[in-house]
Amino acid sequence: MQPQSTITASTYKPFSGVFMLLLFVVCVAFAIAAPFLNIETYAGYGGEVKKSILSGDVFDYLSPVALIIGLFVIAPGFAVLQPNTSLVLTLFGRKRGVILENGFMWVNPLMNKTMVSLKIQTFSTGEHKINDNTGSPVVAGLLVNYVVVDPEAFLFNAESPIAVIGNAANGVIRETVASHPFDIKSTEQEQNEADKDKNEGKSKDGKATCLRENSETFSHIMRDAIQERVKHLGVRINEARFSNISYAPEISGLMLQRQQAHATMDARKILLEASVTLVKEAIIAFEKGTPDKQDVVTFSMNQRAELASNLLTVMISEKGVTPTIALN
């Protein structure tokens, strides 16, 4: 699946927070000052006082109304949206859109506001003991980096999206480890597997893949597999890497001995091939002699075999060789 590359654009335009803040201040100020207002007019002769329609009693009635509007209508609608954060809005169970523009704003107070982070987040599966395709127990863990690209899908398409991502990561790491070997057992096995169908779990050079040596290849495979499983959550999986991949403690010692044995065999094979070449060249040099055909040494078959055996013993032996001379 091709993951969504960009974050969904804003679908709701909020009111200006500064303007609504000024309106809130006006309402509160009017509610406080209203009880002290009293407009009266003086008319007639003899100092008769007549009150106008906008008397003090009217302002007394408007004061609690302004206070209610300020505290219970305007004030609950204020919201501050930090960078890389989204605000998902619902009104009486219906989706009303997503706000992605950060800053100070005002939203209908009857709307339910839920913040969803758009920052890169990391999920760890912990360490699991899994048998690879050869039956060897392997301890493996996975780190998954993801980012929310569709806040509405992330919030509404799963009861617990983090749990869904965790279950997907756990399933993928188990399938990946169970279907591949941790390490190639031997050079002969690697060659035999390279001769099989190269389309099934093979690397580009035709060699069999293993968890220890091809972690980069498996990272891409696991990332795509997890992305396919969480495609309805509105998240983009950026990376999925092994946090740990090793043999289980109960067999790690034996596996280390096996690896050492394979390394020793490979080293001795190279040393043997070089030693045989040197022995052949030494015998040929003895028999050819100098360019003027002097100092030519002729060996019989038994002498050649004895010389080759002695030279190979000296060159291949792990310890220094102590020569002995037979005295007649």
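Treat the numbers as computed from the prediction; the structure is a model and nothing was measured. All residue numbers here refer to positions counted from 1 along the written sequence of the relevant chain. Totals for whole chains, interfaces and linings use every residue, but because this is a predicted model, local features are given only for residues with pLDDT of at least 70 and side-chain atom pairs only at 80 or more, for both listing and counting. Excluding hydrogens and water, the side-chain values take into account all heavy atoms of the structure.

Visitor: Give me the lowdown on the side chain of serine 63, citing residues and values where you can.
Guide: Numbering of helices and strands runs from the N terminus; a helix is a DSSP stretch of H or I covering at least four residues, while a strand is a stretch of E covering at least two. One can find serine 63 in helix α2 (residues 56-74). Under this definition, polar contacts are N or O atom pairs within 3.5 Å; protein pairs additionally need one hydrogen-donor-capable and one acceptor-capable atom, and for neighbouring residues in sequence, both atoms have to be side-chain atoms. Engagement of the side chain of serine 63 in a polar contact is seen with the backbone oxygen of alanine 31, the distance being 2.6 Å. Note on contacts: a residue pair is in contact if any heavy atoms of the two residues lie within 4.5 Å. Setting aside residues no more than four positions away along its own chain, serine 63 makes contact with Ala31, Ala34 and Pro35.

Visitor: An account of the side chain of glutamine 227 is requested, with residue identities and associated values reported.
Guide: Structurally, the position occupied by glutamine 227 is in helix α6 (residues 215-229). Residue classification places glutamine 227 among the buried residues on the basis of a relative accessible area of 3%. Reaching out from glutamine 227, the side chain makes a polar contact with the backbone nitrogen of isoleucine 237 at a distance of 2.8 Å. Relative accessible area decides the class of each residue, using a 1.4 Å probe on protein chains only: under 20% of the type maximum gives buried, over 50% gives exposed, and in between gives partly exposed.

Visitor: Please provide a residue-by-residue account of the packing of aromatic side chains, values included.
Guide: Any pair of Phe, Tyr and Trp rings, taking the six-membered ring for Trp, is counted once the centres come within 6.5 Å. Such a pair is stacked with planes under 30 degrees apart, edge-to-face with planes over 60 apart, and tilted for the rest. This model, assessed by the stated rule, comprises four aromatic pairs. Between phenylalanine 24 and phenylalanine 78 the ring centres are 6.3 Å apart and the planes differ by 85°, which places this aromatic pair in the edge-to-face class. Of this pair, phenylalanine 24 sits in helix α1 (residues 17-33) while phenylalanine 78 sits in strand β4 (residues 78-81); the two residues are 54 residues apart in sequence, bridging distant segments of the chain. One aromatic cluster is present, formed by Phe24, Phe78 and Phe104 through successive ring pairs.

Visitor: For the environment of glutamate 127, give the residues involved together with the corresponding values.
Guide: Here glutamate 127 shows up in strand β9 (residues 121-131). Glutamate 127 sits in the exposed class, given a relative accessible area of 57%. Sequence-wise, glutamate 127 and asparagine 170 are 43 residues apart; in three dimensions their C-alpha atoms are separated by 9.8 Å. Setting aside chain neighbours within four positions, we find glutamate 127 in contact with Val139, Ala140, Gly141 and Asn244. In this structure the side chain of glutamate 127 is engaged in a polar contact, spanning 3.2 Å, whose partner is the side chain of asparagine 244.

Visitor: So what's going on with the sheet that holds strand β8 (residues 112-117)? Which residues, and what values?
Guide: Pairing is antiparallel across the open sheet formed by three strands, whose spatial order is β6-β5-β8. Edge positions in the sheet fall to β6 (94-99) and β8, since each of these pairs with one other strand and no more. Here the average twist between neighbouring strands, direction ignored, is 25°. Note: strand β5 (residues 85-91) against β8, six bridges, orientation antiparallel. In the strand pairing of β8, leucine 89 is matched with lysine 113. Paired strands, as defined in this entry, are two strands with at least two bridges between them according to DSSP. For every element, the axis is a line fit to its C-alpha atoms; helices are fit only across the contacting stretch, and the angle between N-to-C directions ranges from 0 to 180 degrees.

Visitor: How would you summarise the pairing of β9 if you had to cite specific residues and measurements?
Guide: Both β9 and strand β10 (residues 137-148) contribute to a ladder of nine bridges, which runs antiparallel. Looking at the pairing, glutamate 127 lines up with glycine 141 of β10. Hairpin connection of β9 to β10: five residues between the antiparallel strands, including glycine 135 at a positive phi of 90°.

Visitor: Explain the pattern of salt bridges to me, and be specific about the residues and the numbers.
Guide: Criterion for a salt bridge: a side-chain nitrogen of Lys or Arg within 4 Å of a carboxyl oxygen of Asp or Glu. Following the criterion strictly, the structure yields six salt bridges and no others. Its salt-bridge partner being glutamate 101, residue lysine 13 comes within 3.6 Å of it at the nearest N-O pair. Of this pair, lysine 13 sits in the segment before β1 (15-16) while glutamate 101 sits in the loop between β6 and β7 (103-106), and the two are 88 residues apart along the sequence. Accessibility expressed as a relative area gives 64% for lysine 13, which makes it exposed. Its relative accessible area of 42% is what places glutamate 101 among the partly exposed residues. Of the charged contacts in the structure, one is a salt bridge between glutamate 216 and arginine 241, with a shortest N-O distance of 3.1 Å. Within this pair, whereas glutamate 216 is found in helix α6, its partner arginine 241 is found in strand β11 (residues 235-247), the two being separated by 25 residues in sequence. Judged by its relative accessible area of 40%, glutamate 216 falls in the partly exposed class. Looking at arginine 241, the relative accessible area reads 32%, which means it is partly exposed.

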